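# Analysis of the macromolecular model
Below are the chains, spelled out letter by letter.
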Amino acid sequence: MTKILISVDIEGIAAVFERQQAVRGNPEYERARRLMTAEADAAVRGAFAGGATEVTVVDSHGPMGNLIAEDLDPRARVITGRGRPLSMIQGLTPDHAGVVLIGWHASAGEYGQFAHTLSSQAFRRIRLNGAVAGETTLYGGYAAELGVPLLLTSGDDRYCAEVQAQFPLTETVCVKNAIGMFAADCLSPYRARDLIEDAVRQVVQDHAQARVQYPVPAGAEVGLLVPFRVEVEVTTQFIADGLSLLRGVERLGAETVAFTAADMREVLQTLAVMSLMGASLQQ
């Protein structure tokens, strides 16, 4: 059995470029979620064409209820809805053959379209063992901890460069070049889907040769550096005031806190709690 998990975000989708497209309640969002669904569907088709026997799609943007399920390949399962213990990579188990990330974006504090990590409201930058960590760093690191390789990611050129630096064996598909936070030079969505489908087919077909990678420059040896040290720069001093009340959280400065974690699962779940608290403490 060849099980593949595909996690889909919206910011790194071709032709998604402005804030309204990532926020519910307007026509541009409805258009963006159709584009997101179509790229997810291309990845699903590619995975099955490459020999996958089971494909799960994880809706991973904001409210986590964006994908139009009836427009996805009926062979795929869909994980949707908020409040999930492992959020953007919910459902991943050690028996998966690989992970594919579609429509992801650059890290908070870095250059790229919609650059943020977990919560643009709460977090300005996150460091894992001293290195800047984005969502791919965190979730790709968790996958590595389970022994599951990160096979492929897609997004803008700045995001793809981040992935190539941290996970050099992972295939990347660049569907647009970032001009600024809300501006991009995009491929046709149809061309982006073709590239994604072909690339996913190939990496799934070759999954037996894929190697598990812990993120670099957090270090090829990052898995050995436990407990993990996580430093979190937040967007306001008031958020840091609140987070510093959590057990095990150390106050490093006006807008910086830190904690240690025994494994990547604990890292993810602590950051999830901080993200929820940070959003509630917005002034």
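Our subject is the structure listed above.
Residues numbered from 1 in each chain as written. Predicted model: local features only at pLDDT ≥ 70, side-chain atom pairs only at ≥ 80, totals over all residues. Heavy atoms only, no water.

## Focus on the environment of Ile239
Considering the arrangement of structural elements, one finds Ile239 in helix α5 (residues 237-243). Residue Ile239 is classed as buried on the basis of its relative accessible area of 0%. When the C-alpha atoms of Ile239 and Pro168 are compared, they prove to be 35 Å apart, with 71 residues separating the residues in sequence. Ignoring anything within four residues of it in the chain, the contact list for Ile239 reads Gln121, Ala122, Val234, Gly278, Leu281 and Gln282. (Helix = DSSP H or I, 4+ residues; strand = E, 2+ residues; numbered from the N terminus. Buried < 20%, exposed > 50% of the residue type's maximum accessible area, 1.4 Å probe, protein only. Contact = heavy atoms within 4.5 Å.)

## Thoughts on the packing of aromatic side chains
All told, the structure shown has two aromatic pairs when counted by the stated rule. Pairing Trp104 with Tyr139 gives two aromatic rings, centres 6.1 Å apart and planes at 85°, and the pair type is edge-to-face. Here Trp104, found in the loop between β4 (96-102) and β5 (123-128), pairs with Tyr139, found in helix α2 (residues 135-146); they are 35 residues apart in sequence, far enough to count as distant. Here Trp104 matches Tyr139 in class, with each residue buried. For the pair Phe114 and Phe182, a centre-to-centre distance of 5.5 Å together with 75° between the ring planes defines the contact as edge-to-face. One end of the pair, Phe114, is in the loop between β4 and β5; the other, Phe182, is in the loop between β8 (171-180) and β9 (183-186), with 68 residues separating them in the sequence. Its end group placed over the ring of Tyr190, Arg193 keeps NZ or CZ at 4.9 Å from the ring centre. (Phe/Tyr/Trp six-rings, centres within 6.5 Å; stacked < 30°, edge-to-face > 60°. Lys NZ or Arg CZ within 6 Å of the ring centre and 35° of its normal.)

## Quick word on the nonpolar core
Core analysis: the largest hydrophobic core is formed by 42 residues, its most contacted members being Ile89, Val99, Val232, Leu271 and Met274. Elements with a contribution of two residues or more to this core: β4, β5, α2, α3 (157-166), β10 (228-234), α5, β12 (256-261) and α6 (264-280). Residue contributions to this core peak at five residues, all from α6. When residues no more than four places from it in sequence are discounted, the contact partners of Ile89 are Leu5, Val99, Tyr139, Tyr142 and Ala143. (Core = buried A, V, L, I, M, F, W, Y, C linked by side-chain atoms within 4.5 Å.)

## Structural notes on the pairing of strand β11 (residues 250-253)
Looking along a regular strand, one sees the side chains alternate between the two faces of the sheet. When β11 meets β12, the two strands line up antiparallel, connected through three bridges. When the bridges of β12 are listed, Gly253 appears paired with Thr256. The hairpin turn running from β11 into β12, its antiparallel successor, is two residues long. (Pairing = 2+ DSSP bridges.)

## Let's talk about the environment of Gly83
Here Gly83 is to be found in the loop between β3 (77-79) and β4. Between the C-alpha atom of Gly83 and that of Pro63, which follows or precedes it by 20 residues, the distance is 9.6 Å.

Any functional reading would require information beyond the geometric quantities listed.
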